[in-house]
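Read off the chains here:
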Amino acid sequence: MKPGAFSFVFAGRRMAHRCICAFEDNGFIFKDMIAWNKEKAAHKSATDKLRF
């Protein structure tokens, strides 16, 4: 990437922090974050029941 370029990264709510840390460790600057906040999220145990 060229200096000063922008990057859009899509990450899940559990991996977003790790993605930000990885980018900062490699010299990128984190500026803004757009988040989609849900009132209720399906818990892992609830989604497992739907599969079987």
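Below: a short report on this structure. (Residues numbered from 1 in each chain as written. Predicted model: local features only at pLDDT ≥ 70, side-chain atom pairs only at ≥ 80, totals over all residues. Heavy atoms only, no water.)

## What to know about the environment of valine 9
- One can find valine 9 in the segment before helix 1 (16–25).
- On the accessibility criterion, valine 9 (43% relative accessible area) is partly exposed.
- When the C-alpha atoms of valine 9 and methionine 33 are compared, they prove to be 9.6 Å apart, with 24 residues separating the residues in sequence. (Helix = DSSP H or I, 4+ residues; strand = E, 2+ residues; numbered from the N terminus. Buried < 20%, exposed > 50% of the residue type's maximum accessible area, 1.4 Å probe, protein only.)

## Details of the packing of aromatic side chains
- The final tally for this structure, using the stated rule, is 1 aromatic pair.
- Each ring, one from phenylalanine 23 and one from phenylalanine 28, has its centre 5.0 Å from the other, and the planes form 65 degrees; the classification is edge-to-face. (Phe/Tyr/Trp six-rings, centres within 6.5 Å; stacked < 30°, edge-to-face > 60°.)

## Let's talk about the environment of proline 3
- Along the chain, proline 3 turns up in the segment before helix 1.
- Distance from proline 3 to phenylalanine 28, taken between C-alpha atoms, is 9.7 Å for residues 25 residues apart in sequence.

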